[in-house]
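Listed below are the residues making up each chain.
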Amino acid sequence: MAYYGKCLEAVMAQLDKFTPRRDTPEQFLEAAAASLQALSPPKQSFVLEVLSGCLEYRKLLTVVVDAFYAQDGRLCLRVDRSRFTVICYLATFLLEELGFQLFCDIIKSQPVDKMCKFLRFFFDPLHLCSWIKDGWSLIYEPAHVKENWIDPLMRWQPEVQELISHLEGVSASQSSPLKTKAKVTEPKEFNLTAPKPRTIPAPEPVPVVAKPRPVPQSTYRTPKEQQQLETVKRYNRRKAEELLLRANVEELRCAMPRTCREPTQGSKQQLQPQFTPRIRKTPKLTFYRPNNVPVKLNTAAILREGALYQRQVEQELRRIDKLVDGAGDFSEFLEWQKKMQAKDQEEQLAAGECRRLQGKLSHEEAVLARQSLVQENKQRAEQQKEQMAELMLQHAERRLQEDRSKKELVEQVIEGQKNVKAAQAKLVKGRRQTVQEVIEASQGLLQRRAQEAREEQRRRCELISQLRALETQPTRKGKLVDLTQIPGYGLEGEMSIVELRERLARLKENQQREEEEKRDQIIQGKRTKSQELQDKLEQISLCRAAMGRSAALRLEEKKAPAAPTQDERVQQLRRRISERAAERCKQAAWLHVSAPRAARPKPRAQLEAQHWLEQERSRERRLRALQRGGSRPGPARRLEAA
């Protein structure tokens, strides 16, 4: 066992010296053979064979050893990496050649616990048939790996398992005997001097605290000033509420105009600055035709539009080819689609008209409700006027009481101000004395600082005069520089300044010549590109003219006006609106007769009626414009035509 242990130690020592980045296997084996000359020939041949095999199959062995350190060998030392590499090589490649008995002797010559742990990990059937086989198959052919390495290792499983169980028993027997009990050290106490008992200090006398003054009762009472402020706040709030109530009651009276009759065409300009109702009119739909102004296109736009027309031409050619081949036409479907779109448009217009009439009907009902609310508000206003008269009397009495209390408060404040003036005069006198003392001290400090500044200035003048005297002394001038002379520092490519300037001038001329050539090439490329763009523009103008002619033909086809549609819901809503308007007029006439103060009818209802009439007219005009513009190409249709 010692023989094989020494051989393995020699192999491990050589493997530790091998560095893949620096050494090659051939050179390393030659150096190892030279260093192993002292060994016997059999031992030397065994060591070199194992060492060359470990270097040759280093990638295969690294897969197993790295996995062992990552899983079961996390607590093993990195120094034993070469040991596990050699054992893995012997078990994989030399087990058949050495024989199982010699392999057992080699294993027993190594540390038992380490070998037991590595063999249990390496000869696990699950590991051999899964990740070890897959890892080796990435390096060599899978069939070669399974036939030459995995299958022999699986055949040696029973013998290796017996070896592992034997090693486990040996490691258990080595760790079983207990250590003999040694004599326990008995500690002894230190012979220290006992401290003297401390004397109890005399208690300090409890200080007698003077009896404090009781808290005055005024602390828990609210001051008079705060009560007066609360009273003033409540009075101001009540006054603001009265003003708000009066404004709410009289807001309609303030907004009522003087004249009640409808203004004529001649007097509209005179009445316009006096009263202008805030009615938001519906904006009219106007259709604008773009002016035929030529638009200057950039290069990207020209190329993009040219590609668009090219795609359209290709699509049209494909469509014609399909029609020639016997494909169907979509004309019938397009006619049906136009009819359905016209029907949908009529339904949308009828629904919009219904919504408008419903809004007008709700407006008429709101006017009726408002007239009934005006009657109720008049009754409430009379009641509130009576209550306001009573409140004003109470308010006047309360105001007299507050005036008396304010006069008393003013007298008290005047007395307090007199005492404050005397205290302020005394405080001002003390502050003046303090300021006088501070001024005297600051004057003394300023005098000392001025004296120090004069001394510092005198010292600086002396230094300046010495420096000027040194500057006036004659100095030696430097030697003349010869620009044609080489410095002679021994550098490669050394030259004089004149030669350097000449070479720089030649280099500048060459650069200018190259720039001119590049500029000529760029100008030529721009000219060719502009010619291509001009051709594209001509093609685009031809395509646009063709598209315009086709759009004009479609516009002529769609100019037939559509007949206005009549819906039963629309007629029914219009009848209800006329009934509500008649009822509102009757109620307004009754209010005009019953209420003498309301003899002047409010023009608000008339203005609202006029507003709704304008709304209806504008809606009709919009409907006619939409019917006329149904054949006119809108923005989306213009984009499709383009």
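**Quick look at the overall build of the protein**
When helices and strands are tallied, the protein shows 20 helices and zero strands. A total of 642 residues make up the protein; the buried ones form 19% of that total. Within the protein, contacts between residues at least 6 apart in sequence are counted, and of these 76% link residues at least 24 apart. Carbon and sulfur atoms make up 55% of the accessible area of the protein, which totals about 51,900 Å².

**Focus: a negative patch on the surface**
A surface patch of like charges, here negative, comprises Glu-514, Glu-515, Glu-517 and Asp-520. Within the secondary structure, Glu-514 is located in helix α17 (residues 497-557).

**Some words on the packing of aromatic side chains**
The final tally for this structure, using the stated rule, is 18 aromatic pairs. Both rings, one in Tyr-57 and one in Phe-93, keep their centres 4.2 Å apart while their planes meet at 20°; by these two values the pair is stacked. Here the residue Tyr-57 occupies a position in the loop between α3 (41-56) and α4 (58-70), and Phe-93 occupies one in helix α5 (residues 81-93), the gap between them amounting to 36 residues. Since its relative accessible area comes to 18%, Tyr-57 is described here as buried.

**Things to note about the packing of α3 against α5**
Between α3 and α5, the shortest axis-to-axis distance is 10 Å and the interhelical angle comes to 95°. The angle between α3 and α5 falls in the class roughly perpendicular. When α3 is examined against α5, the residues Glu-49, Val-50, Gly-53 and Cys-54 are found in contact with a partner set consisting of Thr-85, Val-86, Tyr-89 and Leu-90. Class assignment for the residues of the contact of α3 with α5 results in five nonpolar, two polar and one charged.

**Quick word on the pattern of salt bridges**
On inspection of all chains with the given rule, the structure shows 18 salt bridges. Arg-459 serves as the salt-bridge partner of Glu-456, at 2.4 Å between the closest nitrogen and oxygen. Of this pair, Glu-456 and Arg-459 both sit in helix α16 (residues 331-471), separated by three residues, roughly a single helical turn. On the accessibility criterion, Glu-456 (33% relative accessible area) is partly exposed. A relative accessible area of 40% means that Arg-459 is categorised as partly exposed. One salt bridge connects Arg-503 with Glu-499, and the closest N-O pair in it is separated by 3.0 Å. Separated by four residues within a single helix, Arg-503 and Glu-499 lie in helix α17, roughly one turn from each other.

**Comments concerning α5**
With 13 residues, α5 should cover 18 Å at 1.5 Å per step; its first-to-last C-alpha distance of 18 Å lies within 8% of that length. Within α5, 11 of the 13 residues are buried, which leaves the element mostly enclosed by the surrounding structure. If you check which residues of α5 are buried, you get Ser-82, Arg-83, Phe-84, Thr-85, Val-86, Ile-87, Cys-88, Tyr-89, Leu-90, Ala-91 and Thr-92.

**Regarding the nonpolar core**
Core analysis: the largest hydrophobic core is formed by 60 residues, its most contacted members being Val-50, Val-86, Leu-90, Leu-119, Phe-122 and Trp-136. In this structure, Val-50 is in contact with Val-11, Val-86, Tyr-89, Leu-90 and Leu-94, ignoring residues within four places of it in sequence. Core analysis: the next-biggest nonpolar cluster, separate from the first, contains six residues, Leu-361, Val-570, Leu-573 and Ile-577 among them.

**So, the confidence of the model for the protein**
Do not read the predicted coordinates in detail wherever pLDDT is low. Summarising the model, the protein shows a mean pLDDT of 78, and 81% of its residues fall at 70 or more. The low-confidence segment residues 630-642, where pLDDT is below 50, has 19 contacts with residues more than four positions distant or belonging to other chains.

Definitions and cut-offs
- Residues numbered from 1 in each chain as written.
- Predicted model: local features only at pLDDT ≥ 70, side-chain atom pairs only at ≥ 80, totals over all residues.
- Heavy atoms only, no water.
- Helix = DSSP H or I, 4+ residues; strand = E, 2+ residues; numbered from the N terminus.
- Buried < 20%, exposed > 50% of the residue type's maximum accessible area, 1.4 Å probe, protein only.
- Contact = heavy atoms within 4.5 Å.
- Areas by Shrake-Rupley, 256 points an atom, 1.4 Å probe, with all protein chains shown as cover.
- Patch = residues over 30% accessible without salt bridge, like charges linked within 9 Å, V, L, I, M, F, W, Y side chains within 5 Å.
- Salt bridge = Lys/Arg side-chain N within 4 Å of Asp/Glu carboxyl O.
- Lys, Arg positive; Asp, Glu negative; His and termini not counted.
- Charge placed at Lys NZ, Arg CZ, Asp CG, Glu CD.
- Phe/Tyr/Trp six-rings, centres within 6.5 Å; stacked < 30°, edge-to-face > 60°.
- Axes fitted to C-alpha atoms, helices over the stretch in contact; angles between N-to-C directions.
- Parallel < 35°, antiparallel > 145°, perpendicular 65-115°, else oblique.
- Nonpolar A, V, L, I, M, F, W, Y, C, P; charged D, E, K, R; others polar.
- Expected span 1.5 Å × (residues − 1).
- Core = buried A, V, L, I, M, F, W, Y, C linked by side-chain atoms within 4.5 Å.
- pLDDT = per-residue confidence, 0-100.

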